[in-house]
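# Reading the structure
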Amino acid sequence: MPNRTHFRRPDRRNTLRPAAARTVTAALLLAFSCLFAVFSGPLAAQEISGAVITMYHRFGENDFPSTSIRIEQFEEHIEELKKERYHVLPLPKVIEALKSGEPLADRTIAITVDDAYLSVYEHAWPRLKEAGLPFTLFVATGAIDRQVKGYMSWDQIREMRDAGVTIGSQTRSHPHMTTLDRLALERELTESNQRFVDELGTKPELFAYPYGEYSLMVRKSVADAGFTAAFGQHSGVAYTGMDHLTLPRFALNERYGGIDRFRLIANALPLPVSDVLPEDTLLVENPPAFGFTLDASIGSPNSLSCFASSEGETHLEYLEQRVEVRLKQPFPPGRSRINCTMPGPDNRWRWFGTQFIVP
């Protein structure tokens, strides 16, 4: 279940009102325009190329509100994405650009769906197809093989694949991967890959971690299995230079699928960081000594805010571009998150999130 993401809204009290703007003299307007050009030019040049990746599970399945989106909400999302400002691309093209360093258009979006529920075939795919919006479907093969009620069939998955839908893997049995040893991880990935070859003729290159859970060992197993990119369920914007096997996605469901939040996500910008500690999201020390270095192109971290799912806004300490997040208490067992946001240009928000696992 996705955790609520907190953010600070921009202070609009200092925004220049249209009526006031008309009273400014021509000379002041000219001076302001020159200053703005000087300010905005370098910012645009420094902006790191990135893409927002959205994630859904079920569609119109009201008995599962934590993993389902209402149909009317999803239709609002589609109408928003059909606007000219957005560029919805197939996920493989986004990954190719991130790896090569080829710039992506501003407001590039990729759509993903996990678990291959029947409602994807019945409700989501027809609407996405009509709108001309590509997407990726991540499949755990075991449920399809067992013909579990409420899931798609291999025939339906083949039909979608043949129509241009990208098919990715989500293991065989959709386990909590951080609880498995290396041999069990290898078996999950090898057996599911073989089932894709049997049914689709090829194994996927893209992978989604069940529940968004991964560790350094899980990541290595996914890499060893031949996947070129893998995705969690932590919020953030994927950008050039980010680890391709721990890419973020914004989860959407009934509670967090309103159109205002969707627009906020669709317009999000990268918050590029490096030297993130701890390196492993499967925690040994709890609470973790969480910290990262903010890319110098973003400027000072003074406007940064970080929120922990267990305690809300956190205390931050700075050493130039280095940010240390101080938690008051340990995370509870299971999944927890820290989300960091920072104001960007044009009332948009930079976003970086991490999910931790407490055994």
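The structure displayed is predicted, hence computed values, not measured ones.

Turning next to the overall build of the protein. Scanning the protein for helices and strands turns up 10 helices and 20 strands. Counting across all 359 residues of the protein, residues that qualify as buried make up 49%. Taking all contacts inside the protein whose residues are at least 6 apart in sequence as the whole, residues at least 24 apart take part in 65%. For the protein, the accessible area works out to roughly 17000 Å², and carbon and sulfur atoms hold 53% of it.

Next up on the list: the packing of aromatic side chains. This model, assessed by the stated rule, comprises 16 aromatic pairs. With 5.5 Å between their ring centres and 35° between their planes, Tyr56 and Phe59 make a pair best called tilted. Across this residue pair, the class does not change: Tyr56 and Phe59 are buried. Ring geometry for Tyr209 against Tyr214: centres 4.9 Å apart, planes inclined by 35°, an arrangement best described as tilted. Given the relative accessible area of 0%, Tyr209 is considered buried. Here a set of aromatic residues connected by ring pairs shows up, and it is made of Phe290, Phe292, Phe331, Phe352 and Phe356. Arg58 extends its terminal NZ or CZ atom over the ring of Tyr117, reaching a point 3.8 Å from the ring centre. A cation over a ring is seen here: Lys129 above Trp125, with NZ or CZ 3.8 Å from the ring centre.

Position of Thr166 among the secondary structure elements: in strand S7 (residues 166-169). Take Thr166: its relative accessible area is 18%, and that puts it in the buried class. With sequence-adjacent residues up to four places away left out, Thr166 is seen in contact with Pro92, Phe135, Thr136, Leu137 and Leu206.

In this section: the environment of Phe307. Relative to the helices and strands, Phe307 resides in strand S15 (residues 305-308). With relative accessibility at 10%, the residue Phe307 sits in the buried group. A C-alpha to C-alpha distance of 5.3 Å links Phe307 and Asn339, two positions 32 residues apart in sequence.

Turning next to the sheet that holds strand S12 (residues 269-270). Read from one edge of the open sheet, 5 strands run S12-S20-S19-S15-S16, paired in mixed fashion. The strands lining the two open edges of the sheet, one partner per strand, are S12 and strand S16 (312-313). Note: S15 against strand S19 (residues 334-343), 4 bridges, orientation antiparallel. Bridge pairing links Ser305 to Thr341 in S19.

What counts as what
Residues numbered from 1 in each chain as written. Predicted model: local features only at pLDDT ≥ 70, side-chain atom pairs only at ≥ 80, totals over all residues. Heavy atoms only, no water. Helix = DSSP H or I, 4+ residues; strand = E, 2+ residues; numbered from the N terminus. Buried < 20%, exposed > 50% of the residue type's maximum accessible area, 1.4 Å probe, protein only. Contact = heavy atoms within 4.5 Å. Areas by Shrake-Rupley, 256 points an atom, 1.4 Å probe, with all protein chains shown as cover. Phe/Tyr/Trp six-rings, centres within 6.5 Å; stacked < 30°, edge-to-face > 60°. Lys NZ or Arg CZ within 6 Å of the ring centre and 35° of its normal. Pairing = 2+ DSSP bridges.

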